[in-house]
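# Commentary on secondary and tertiary structure
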Amino acid sequence: MDKSEYISKFDSLILNPPIREFYGQQEFFNVGYWQSETHNQEEACFNLMEKLLDFIPEKQGIILDVGCGLGATTSYLLKYYSPADVVGINISARQIERSIVNAPGCKFICMDAVQMEFEDDFFDNIICVEAALYFDTREKFLKEAWRILKPGGNLILSDIIFENTQHFGDWIIPQGNNVKDIQEYKNLYQQVGFQQVEFVGVTDECWLKHYRYLKSSIEEEFKAGKIDEQIYQTNVVGIDGLLDSSSIDYFLVSAKKPTKVASPNFVF
């Protein structure tokens, strides 16, 4: 599958999902962070943003939202940043069009996360919400993030690691993003040059609770006659596979580019 075909297929998944209303009016498209008092998916997505932004004590300077989707995550950044200090990038021009509507005043650029066209040491902070697993590859993205961050800058992200892509579909996740365990995943950050790397395992709070809630919502729609049995069975079987897999882990990650840095020894 070439790049243009991949983007078109991914656009269909993001722009016209069969359960778009499930994610609320803000056009989020991630699993969120579920707490005992969380009432719906949109609240969970707000919670996830707060958990990630907690990694940045002083929310100053310019922040880049990598893989900004339809602009919901970018829009949430305006709670702490002025529009002039927020930049979002996405590989899809169609998704960028939605982002401009959802986060007015922010700067959006159609750009590949593994070949970012920014100067070295440009951004104070970078956020990437549940998108790094799609990049070809995650390792190339981390190298680019390190390059464009200012010394002392922060990379914060939510990410999903997995041993294989069997539950995601062969086309959507590059094989190069498979990792055998958390140690191999940590090594990616350390080899690039990041320091003060923190990993918070939140598989239950994010991944599992999201899919349990989604499954119950689909069951309610089926009982109410809103979806037919074929759609119901297809979705439930897929969700059960994701819930039962022991090879999927969800993490919140914070990593810092050291203030004094030596160029890391990596080859693009």
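Here is a short report on the structure shown in this document. One numbering rule holds for all chains: residues counted from 1, following each sequence as written. Under the rules for a predicted model, residues below a pLDDT of 70 receive no local features and side-chain atom pairs below 80 are neither given nor counted, while totals for whole chains, interfaces and linings still include all residues. Note: side-chain values were computed over all heavy atoms of the structure, leaving out hydrogens and water.

## Considerations on the nonpolar core
This is how the line gets drawn: Among buried residues, those of type Ala, Val, Leu, Ile, Met, Phe, Trp, Tyr and Cys that are joined through side-chain atoms within 4.5 Å constitute a nonpolar core. Accessible area is worked out with a 1.4 Å probe on protein chains only. A residue is then buried under 20% of its type maximum, exposed over 50%, and partly exposed in between. Counting from the N terminus, the helices are the DSSP runs of H or I reaching at least four residues and the strands are the DSSP runs of E reaching at least two. Contacts: residue pairs with any heavy atoms within 4.5 Å of one another.
By size, the foremost hydrophobic cluster in this structure holds 52 residues, and its most contacted members are Ile 127, Phe 168, Trp 207 and Tyr 250. Within the residue set of this core, elements represented by two or more residues are helix H1 (3–15), helix H2 (41–53), helix H3 (72–77), strand E4 (123–129), strand E5 (149–162), helix H7 (203–223), helix H8 (229–244) and strand E7 (248–256). The element that contributes the greatest number of residues to this core is H7, accounting for six residues. Those residues in contact with Tyr 250 that sit more than four places away from it in its chain are Val 31, Leu 48, Glu 130, Ser 158, Asp 159, Ile 160, Val 200, Gly 201, Val 202, Thr 203, Cys 206 and Trp 207. With 34 residues, the next largest nonpolar core counts Ile 126, Cys 128, Leu 142 and Phe 194 among its residues.

## Looking at the packing of aromatic side chains
Convention followed: Only rings of Phe, Tyr and Trp enter the pairing, Trp through its six-membered ring, and a pair is recorded when the two centres are within 6.5 Å. The plane angle decides the type: under 30 degrees is stacked, over 60 is edge-to-face, the rest tilted. In this scheme, the term charge over a ring applies when either NZ of a lysine or CZ of an arginine sits within 6 Å of the ring centre and within 35 degrees of the ring normal.
The tally for this structure, following the rule as stated, stands at 24 aromatic pairs. Considering the side-chain rings of Phe 118 and Phe 122, the 6.2 Å spacing of their centres and the 15° angle between planes classify their relative orientation as stacked. Taking the relative accessible area as the measure of exposure, Phe 122 reaches 33% and is therefore partly exposed. An aromatic cluster of at least three residues, connected via ring pairs, comprises Phe 22, Tyr 23, Phe 29, Trp 34 and Tyr 213. Stacked on the ring of Tyr 80, the Lys or Arg Lys 59 has its end atom at 5.1 Å from the ring centre.

## Some words on the sheet that holds strand E1 (residues 63–66)
Here is the rule we go by: Two strands qualify as a pair provided DSSP detects at least 2 bridges between them. Simply put, an axis is a line fit to the C-alpha atoms, just over the touching stretch for a helix, and the angle between two N-to-C directions goes from 0 to 180 degrees.
A sheet is described by the order of its strands in space; here seven strands give the open sequence E3-E2-E1-E4-E5-E7-E6, paired in mixed fashion. Because the sheet does not close on itself, it has two edges, and the strands there are strand E3 (107–110) and strand E6 (195–201). For this sheet the average axis-to-axis angle between neighbouring strands, irrespective of direction, equals 15°. The pairing of strand E2 (residues 86–90) with E3 spans four bridges and is parallel. Directly across from Val 87, in E3, lies its bridge partner Lys 107.

## Some thoughts on the environment of Phe 141
Mapping Phe 141 onto the fold places it in helix H5 (residues 138–148). The exposure class of Phe 141 is buried, given its relative accessible area of 0%. Here the alpha-carbon distance between Phe 141 and Glu 37, two residues 104 residues apart in the chain, equals 35 Å. Look past the residues within four positions of Phe 141 in its chain and what remains in contact with it is Val 66, Ala 113, Val 114, Met 116, Cys 128, Ala 132, Phe 135 and Leu 155.

## A few points about the side chain of Asp 159
Rules: Throughout this description, a polar contact denotes any pair of N or O atoms lying within 3.5 Å of each other; where both atoms belong to protein, one of them has to be capable of donating a hydrogen while the other can accept it, and for residues adjacent in sequence the pair is counted only when both atoms sit in side chains.
Positionally, Asp 159 belongs in strand E5. On the basis of relative accessibility, which here comes to 0%, the residue Asp 159 falls in the buried class. A polar side-chain atom of Asp 159 sits 2.7 Å from a polar atom in the side chain of Tyr 185. Excluding its chain neighbours within four sequence positions, the residues that come into contact with Asp 159 are Ala 132, Leu 133, Arg 138, Tyr 185, Tyr 189, Asp 249, Tyr 250 and Phe 251.

## Describing the layout of surface pockets
The criterion, for reference: The way it works is a 1 Å grid over only the protein atoms, where trapped points that fit a 1.4 Å probe form a cavity and open points with protein on both sides within 12 Å along at least five of seven lines form a pocket, and then any residue with an atom within 4 Å of a point lines it. Grid points are joined across faces, edges and corners, and a volume is the space filled by probe spheres set on the points. Under the grouping applied here, Gly and all other residues not named as nonpolar or charged are polar, the nonpolar ones being Ala, Val, Leu, Ile, Met, Phe, Trp, Tyr, Cys and Pro and the charged ones Asp, Glu, Lys and Arg.
In this model, the second largest pocket occupies a volume close to 170 Å³. Glu 21, Phe 22, Ser 217, Ile 218 and Glu 221 are the residues nearest the centre of the second largest pocket, which is lined by 10 residues in total. Its residues assigned to classes, the lining of the second largest pocket comprises five nonpolar, one polar and four charged.

## Digging into the pattern of salt bridges
This is how the line gets drawn: A side-chain nitrogen of Lys or Arg and a carboxyl oxygen of Asp or Glu constitute a salt bridge if their distance falls within 4 Å.
Under the definition given, this model contains 11 salt bridges. Between Lys 3 and Asp 112 there is a salt bridge; the shortest N-O distance is 3.4 Å. Here Lys 3, found in helix H1, pairs with Asp 112, found in the loop between E3 and E4; they are 109 residues apart in sequence, far enough to count as distant. Two residues, Arg 147 and Glu 144, come together in a salt bridge whose shortest N-O distance is 2.8 Å. On the criterion of helical spacing, the pair formed by Arg 147 and Glu 144 is a turn pair, its members being three residues apart in helix H5. With a relative accessible area of 6%, Glu 144 lands in the buried category.

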